[in-house]
Amino acid sequence: MPIIETKNLKYTYPIGTKPAFEDITLKIEKGEFVVLTGPSGCGKTTLCRCFNGLIPHFYSGTLEGEITVSELRVSEHPIHELAQHVGMVFQNPENQLFALSVEKDTAFGLENLGLPREEIRRKVDWALKTTGTFEIKDRAPYELSGGQQQRVAISSVLAMQPEIIVLDEPTSFLDPLGAQKIFEVINTLNKELGITTILVEHRLDLTSKYASRVIIMDKGRIILDGPPKEILSSEEARLIGVGIPKVTRLYHILKEKGVNLSKVPLSADEATEVLLEVLAK
Amino acid sequence: MIKIDDVHFTYPNGVEALKGVSLEVQDGEFLAIMGQNGAGKTTLVKHINGLFKPSNGTVVVDDIETTKVSVAKLARKVGFVFQNPDHQLFSETVEEEISFALRNFGYDEPAINERVTWALNLLDLTEYRKVSPFMLSGGERKRVALASVLAWDPKIVILDEPTIGQDNQQKERLRQFIVQLNRQGKTVIIVTHDIEFVAECKPRVVLMAQGKILAQGEAEKILTNYELVNQASVVLPQIAQLFTNLKGKGVPAEVIDVYEAAKILLRRLGEPA
């Protein structure tokens, strides 16, 4: 049974004249690492809001079709119940943080579950250390930089160790090395703990190598859906204008000029491997 | 011209954000400031529009020392677009947002209307003229913030993280747009973590770490130096990483551009480029 399943899902915001997305039929299996991308305004953030029930419980408007998450029909279960299964990291961390200290923010969800003190302590410390926020645990989130706030938002979600984690451009304010480290942590959690991961990102150079699947949306619909190498090397992906990794682009340019590399690279290391094959000849 | 000379800055809470920074920026230049979170990048650019005054050292913008004029006066010259557009936007509609500063600068209504139309068109926002900025997506709000600054035609434009929330086509438009501004003789300074965007634009790069400038120079020189960028918590762009890996295989090291990379590889493989 898929951990997320939608059938003909369609949503229109209360002020909207046309649907934010429509005709979304999707199955995501447990343990998948999905990178969801597409031009601004394509409906990807709105779709994510359905995964934890913000739509239809918080945003009014019209939701049609079906959506089930962790075997719960989203329309029939409140956000706080869905939140135990789905952790969400928003685009703007300021919208997410509210407690007076980083530590309290990270502990909040666990305290609400009524877990034993020791277990809360252990999980909070792990989340703080994993995201590199242990040193700032006594600081107030509002006095932190955007990058640090993003780490705290991720920390609060990780502490819950949810089955599904949805991240909407979670590292946009982080420096490149910091962002890379966070993506590696997310990747490790996905591979080792089997946490189903949905990552909304424009920067496919940094993220597509971790994905088991790439979904591209455009104008409220899913246009492409499949293995990263297949999707990102397709002509359609280039035409929609998503940020194809530079080495994948390089593969294409070489191919047009008659140089065929043995496989489609997504990362610099993969590109090195296939280029060494032809350079050695 | 901007002349920053041995600037130190300490926040009221005692944090020393800048520890002796010197930098010159010529008219019409395109500069990218990169580096670690908390390295002092935003603090530094806020000195250029006078929002911060140095604790020590001087900042001179077009022969005016920033301590000697008001922020309002400097703003005519230096437009600043913040990292988070929500810190900047406050009006009921996009149109009012863009008109606000123009009205403060004393433009008459027909001129305001003309400039608003121009800026909306430039940033692909025409359809949102009468819409509240808060109904728009993060990426769109960012463009509204940019439009409201460009509308008054400042000579120096500072963009703090302009590519956040922007898709690939919008980034490409932003790139072309910065080239255009440079051609008109405007100085553009961006603060960014987006290495691939910098690799495409190839501005002069200033790397910062711990309140100091670690290095500055052409993008090809800086962004291909692993040890250097690593110290600033930056990573190599994909193409630079690839060419670093291919060291010793008969290809040059300082490559960051995908088209140049293709040309070099084709030449090396003996195919007609």
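Conventions used here
Residues numbered from 1 in each chain as written. Chains lettered and ligands numbered in written order. Predicted model: local features only at pLDDT ≥ 70, side-chain atom pairs only at ≥ 80, totals over all residues. Helix = DSSP H or I, 4+ residues; strand = E, 2+ residues; numbered from the N terminus. Rg over C-alpha atoms; globule rule 2.2 N^0.38 Å. Buried ≥ 20, exposed ≤ 12 C-beta atoms within 10 Å, placed from the backbone. Contact = placed C-beta atoms within 7 Å. Nonpolar A, V, L, I, M, F, W, Y, C, P; charged D, E, K, R; others polar. Axes fitted to C-alpha atoms, helices over the stretch in contact; angles between N-to-C directions. Parallel < 35°, antiparallel > 145°, perpendicular 65-115°, else oblique. Left-handed = near helix turned anticlockwise from the far one by under 90°. Core = buried A, V, L, I, M, F, W, Y, C linked by C-beta atoms within 7 Å. Pairing = 2+ DSSP bridges. Domains from an automatic or database assignment. Expected span 1.5 Å × (residues − 1). Arc of directions from axis to C-beta.

Caption draft 1: Structural context of the overall build of chain A. In terms of helices and strands, chain A carries 12 helices and 10 strands. A compact globule built from 281 residues should have a C-alpha radius of gyration of about 19 Å, and chain A, at 20 Å, falls within 12% of that. Each of the three principal axes of chain A carries a C-alpha extent, and together these read 65 × 45 × 35 Å. Counting only residues that meet the buried cut, chain A has 51% of its 281 residues in that class. Residue pairs at least 24 apart in sequence account for 63% of intrachain contacts in chain A once pairs closer than 6 positions are excluded.

Caption draft 2: Geometry of the interface of chain A and chain B. Each partner contributes residues to the interface: chain A has 39 residues there, and chain B has 38 residues. When contributions to the side of chain A that touches chain B are tallied by element, the ones reaching two or more residues are helix H6 (146-159), helix H7 (176-193), helix H11 (246-256) and helix H12 (268-279) of chain A. Split by residue class, the side of chain A that touches chain B holds 17 nonpolar, 16 polar and six charged.

Caption draft 3: Representation of the packing of helix H4 (residues 102-112) of chain A against H6 of chain A. Residues and elements named next belong to chain A. With their axes 8 Å apart at the nearest point, H4 and H6 run at an angle of 30 degrees to one another. Regarding the angle of H4 to H6, the classification is roughly parallel. Here H4 and H6 pass one another in a crossing that is right-handed. Seen from H4, the contacting residues are Val 102, Asp 105, Thr 106, Phe 108, Gly 109 and Leu 110; seen from H6, they are Val 152, Ser 155, Ser 156 and Ala 159. When grouped by side-chain class, the residues that make up the contact of H4 with H6 number five nonpolar, four polar and one charged.

Caption draft 4: Quick peek at the nonpolar core. In this structure, Ile 33, Ala 147, Ile 158, Val 198, Leu 207 and Leu 223 of chain B are the most contacted members of the largest nonpolar core, which totals 90 residues. The element best represented in this core is helix H5 (residues 138-150) of chain B, accounting for six residues. Residue contacts for Val 198 of chain B: discarding those within four places in its chain leaves Ala 32, Met 34, Thr 192, Pro 203, Val 205, Ala 219 and Leu 223 of chain B. Counting residues in hydrophobic clusters, the runner-up holds 70 residues, among them Val 74, Leu 144, Ile 154 and Ala 159 of chain A.

Caption draft 5: Focus on the pairing of strand S2 (residues 16-25) of chain B. Bridging between strand S1 (residues 2-10) of chain B and S2 of chain B involves seven bridges; their strand directions are antiparallel. Note that in S2 of chain B the partner of Val 7 of chain B across the bridge is Val 21 of chain B.

Caption draft 6: Structural context of the sheet that holds strand S8 (residues 196-200) of chain A. All names here are of chain A. Judged by pairing direction, the sheet is mixed, and its six strands sit side by side in the order S6-S7-S8-S3-S9-S10 without closing on themselves. Every interior strand has two partners, whereas the edge strands, strand S6 (86-89) and strand S10 (221-226), have only one. Here the average twist between neighbouring strands, direction ignored, is 15 degrees. Across five bridges, the pairing between strand S9 (residues 213-218) and S10 is antiparallel. Within S10, the residue paired with Ile 216 across the bridge is Leu 224.

Caption draft 7: Here's a closer look at the domain arrangement of chain B. Residues and elements named next belong to chain B. Domain assignment breaks chain B into domain 1 (2-235) and domain 2 (237-273). Relative placement of domain 1 and domain 2: their C-alpha centres are 32 Å apart. Taken together, the contact between domain 1 and domain 2 spans nine residues of the former and eight residues of the latter. Elements represented by at least two residues in the side of domain 1 that touches domain 2 include exactly helix H7 (195-201) and helix H8 (219-222). Looking at side-chain class alone, the side of domain 1 that touches domain 2 contains five nonpolar, one polar and three charged residues.

Caption draft 8: Spotlight on the sheet that holds strand S5 (residues 72-73) of chain A. Residue and element names in this part refer to chain A. On the basis of which strands lie adjacent, the open sheet formed by four strands has the order S2-S1-S4-S5 and antiparallel pairing. The sheet is open, and its two borders are formed by strand S2 (21-28) and S5, each paired with just one other strand. In the sheet, strand S1 (residues 4-12) pairs with S2 via five bridges, with the strands oriented antiparallel. Within S2, the position partnered with Ile 4 by the bridge is Ile 28. The strands touched by helix H1 (residues 44-51) are S1, S2 and strand S4 (62-69); relative to S1, the strand with the most contacts, the crossing angle is about 125 degrees.

Caption draft 9: Highlighting helix H3 (residues 94-104) of chain B. Residue and element names in this part refer to chain B. When H3 is considered as a whole, its buried residues turn out to be Val 94, Glu 95, Glu 97, Ile 98, Ser 99 and Leu 102. Its buried side turned inward, H3 meets helix H4 (109-122) and H5. At the C-terminal side of H3, Gly 106 shows a positive phi close to 85 degrees.

Caption draft 10: Fine view of unusual backbone geometry. Residues Ile 55 of chain A and Pro 56 of chain A are joined by a peptide bond in cis, for which omega reads 10 degrees. Examined against the element boundaries, Pro 56 of chain A turns out to sit in helix H2 (residues 54-57). Of note in the backbone geometry, Ser 70 of chain A takes a positive phi value of approximately 50 degrees without being a glycine. Along the polypeptide, Ser 70 of chain A turns up in the loop between S4 and S5. A positive phi angle, close to 50 degrees, is found at Lys 202 of chain B, a residue other than glycine. Positionally, Lys 202 of chain B belongs in the loop between H7 and strand S9 (204-209).

Caption draft 11: Looking closely at helix H5 (residues 117-130) of chain A. All names here are of chain A. For H5, spanning 14 residues, the distance from its first C-alpha to its last is 20 Å, which sits close to the expected 20 Å at 1.5 Å a residue. Within the span of H5, buried status applies to Val 124, Ala 127, Leu 128 and Thr 130. All buried residues of H5 lie within an arc of 165 degrees about the axis, which places them on one face of the element. Check the buried side of H5 and you find it contacts H4, H6 and H7.

Caption draft 12: How the structure looks around the domain arrangement of chain A. Residues and elements named next belong to chain A. Each assigned domain of chain A is listed with its residue range as follows: domain 1 (1-85 + 162-243), domain 2 (95-161) and domain 3 (245-281). With centres defined by C-alpha atoms, the gap from domain 1 to domain 3 works out at 29 Å. Listed per partner, the contact involves eight residues of domain 1 and seven residues of domain 3. Contributions of two or more residues to the side of domain 1 that touches domain 3 are made by helix H8 (204-207) and helix H9 (228-232). Considering every element that reaches the side of domain 1 that touches domain 3, the biggest residue donor is H9, with three residues. Grouping the amino acids of the side of domain 1 that touches domain 3 by side-chain chemistry returns three nonpolar, two polar and three charged.

Caption draft 13: Representation of the pairing of strand S8 (residues 187-191) of chain B. Residues and elements named next belong to chain B. Among the five residues in S8, five count as buried, and that is most of the element. What you see with S8 is no split at all: Thr 187, Ile 189 and Val 191 on one side and Val 188 and Ile 190 on the other are buried throughout. Where strand S3 (residues 30-35) and S8 come together, four bridges link them in parallel fashion. Residue pairing across strands places Ile 33 opposite Val 191, the latter belonging to S8.

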